[in-house]
Amino acid sequence: MRVGLDVSPLDQTAAGTARYLAQLEQGSGIELVRLAHHGEGSAAAAYRDAVWYPLVLPRLARRARLDVLHCPTFRAPLAPPACPLVVTVHDLAVLRHPETFNQWTRRYSRLCVPRVARAARLMIAVSEYTKRELVELLRTPEEKIRVVPNGVARVFSPDGAAETGEYVLAVGTLEPRKNLARLAEATRRLGVELRVAGAPGWGRVEVGGDAVRSLGRVSDEELARLYRGARCLAYPSLYEGFGIPIVEAMASGTPVVTSRGGATEEVAGGAAVLVDPLDSASIAAGIEEAVARREELVPAGLARAREFSWDETARRTADVYREAAG
């Protein structure tokens with residue numbers, strides 16, 4: 001079986017989608033043909049959306065004689081290509097909260113995402129929550145959706161060096177839905193340092209100032225050190241389709257505070273402190289609770305994290321390829 005894998009998102013992100021792609025390439029056990037239009041910046045992104053995905057990628061898939069084409073985001077051909085199309089949906093934040101995205105992404109998504117969903121032979125949702133979003137927002141038939149959760153890399157474990165200092169850790173691309181302003185207010189209330197690990201994203205979200213330290217993008221090894229040394233991971237995102245930092249922190253032996261409701265509560269699986277992400281006082285109280293309950297939350301989190309494996313993600317994704325190919 002020859003599966004074409006769109007790796008164009010690697011030029012746009014180093015966050016969750018990049019982790020997903022890297023693990024699929026390592027563990028699927030299927031011949032993967034990398035397809036991409038490289039280029040960074042808004043002009044390259046616009047070309048990919050307007051020309052490469054609808055016109056060029058289907059032609060490349062036909063020439064490569066692929067059995068399946070897999071697009072790891074909802075940017076994909078707008079009509080069925082010559083081979084079956086599999087599309088992974090990590091979240092539908094752009095449809096649920098369009099105000100947190102730029103104008104181009106809003107317009108593209110409103111017009112094109114429903115067409116991509118119809119063109120796909122099968123859709124992969126990374127959580128049950130995202131599956132429900134597909135059904136509700138795009139009216140995708142349940143029978144064409146397969147839920148395949150994300151995993152956690154082996155570098156994230158409780159064994160190893162830990163960063164020093166007394167701090168709360170936030171992890172994620174700096175963008176409006178990560179809710180960093182309310183989190184910073186919560187840590188200021190508590191008089192504790194907030195360290196933020198993540199690359200800049202859309203929305204000109206700025207972090208820094210009193211007791212807030214921006215670390216930028218860090219390696220997985222450095223991120224594991226940060227998880228191990230943190231009093232807790234605070235992840236009060238306004239919307240997620242999964243929330244990989246939740247399971248990474250749990251696998252590293254770190255208590256987790258995250259948003260009540262949606263995918264973050266699903267992924268936490270009862271092993272985290274849940275808060276109202278719209279209330280900085282609730283976030284602050286959740287951080288205090290997580291620190292106080294550390295001896296309880298750490299083993300619960302370690303057990304929960306063991307339920308997520310990139311090897312299993314790759315195996316189940318390969319099963320979706322075989323099903324799509326018929």
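Residues numbered from 1 in each chain as written. Predicted model: local features only at pLDDT ≥ 70, side-chain atom pairs only at ≥ 80, totals over all residues. Heavy atoms only, no water.

### Topic: the overall build of the protein
Here's step 1: Within the protein one finds 12 helices and 12 strands.
Here's step 2: For the protein, the C-alpha radius of gyration of 20 Å lies close to 20 Å, the compact-globule estimate for 326 residues.
Here's step 3: For the protein, the C-alpha atoms occupy an extent of roughly 60 × 35 × 35 Å along the three principal directions.
Here's step 4: When burial is assessed residue by residue, the protein has 54% of its 326 residues classed as buried.
Here's step 5: Intrachain contacts of the protein at a sequence separation of at least 6 include 68% that bridge at least 24 residues.
Here's step 6: As displayed, the protein has an accessible area near 14,000 Å², and 47% of this comes from carbon and sulfur atoms. (Helix = DSSP H or I, 4+ residues; strand = E, 2+ residues; numbered from the N terminus. Rg over C-alpha atoms; globule rule 2.2 N^0.38 Å. Buried < 20%, exposed > 50% of the residue type's maximum accessible area, 1.4 Å probe, protein only. Contact = heavy atoms within 4.5 Å. Areas by Shrake-Rupley, 256 points an atom, 1.4 Å probe, with all protein chains shown as cover.)

### Some remarks on the pattern of salt bridges
Here's step 1: A full pass over the atoms with the stated rule returns 23 salt bridges.
Here's step 2: For D91, the salt bridge is made with R177, and the minimal N-O distance between the two is 3.4 Å. Taken together, the residues span a long stretch of sequence, with D91 in the loop between β4 (85–89) and α3 (93–96) and R177 in the loop between β7 (167–171) and α6 (180–190) at a distance of 86 residues.
Here's step 3: What makes D91 buried here is its relative accessible area of 14%.
Here's step 4: The class for R177 is buried, based on a relative accessible area of 11%. (Salt bridge = Lys/Arg side-chain N within 4 Å of Asp/Glu carboxyl O.)

### What about the packing of aromatic side chains?
Describing an aromatic ring pair means giving the distance of the ring centres and the angle of the ring planes.
Here's step 1: Within the structure shown, the criterion is met by 5 aromatic pairs.
Here's step 2: Measuring from centroid to centroid gives 5.6 Å for F156 and Y227, while their planes differ by 75°, and the two rings are edge-to-face. A residue pair is termed long-range when its members are at least 10 positions apart, and F156 in the loop between β6 (145–147) and β7 and Y227 in helix α7 (residues 220–229) qualify at 71 residues. Taken individually, F156 and Y227 each receive the classification buried, so the pair is uniform in this respect.
Here's step 3: Between the NZ or CZ atom of R195 and the centre of the ring of Y167, over which it lies, the distance is 4.0 Å. (Phe/Tyr/Trp six-rings, centres within 6.5 Å; stacked < 30°, edge-to-face > 60°. Lys NZ or Arg CZ within 6 Å of the ring centre and 35° of its normal.)

### Overview of unusual backbone geometry
Here's step 1: Phi angles above zero are rare outside glycine, and R139 is one such case at about 55°.
Here's step 2: Tracing the sequence through the fold places R139 in the loop between α5 (128–138) and β6.
Here's step 3: Its relative accessible area of 70% is what places R139 among the exposed residues.
Here's step 4: Even without a glycine there, the phi angle at N179 is positive, about 65°.
Here's step 5: The class for N179 is buried, based on a relative accessible area of 4%.

### Structural notes on empty space enclosed by the protein
The probe, sized like a water molecule, is rolled over the atoms to show the empty space still left.
Here's step 1: Tallying each qualifying case throughout the model produces 1 cavity of 30 Å³ or more.
Here's step 2: By volume, the largest cavity is sized at about 70 Å³.
Here's step 3: Surrounding the largest cavity, 13 residues form its lining, A170, V171, K178, L180 and Y235 being those nearest its centre.
Here's step 4: Taken together, the elements giving at least two residues each to the lining of the largest cavity come down to β7, α6 and β10 (232–235).
Here's step 5: Taken together, the residues of the lining of the largest cavity break down into 9 nonpolar, 3 polar and 1 charged. (1 Å grid on protein atoms, 1.4 Å probe; cavity = no way out; pocket = protein on both sides within 12 Å on 5 of 7 lines; lining within 4 Å. Points joined across faces, edges and corners; volume = space filled by probe spheres on them. Nonpolar A, V, L, I, M, F, W, Y, C, P; charged D, E, K, R; others polar.)

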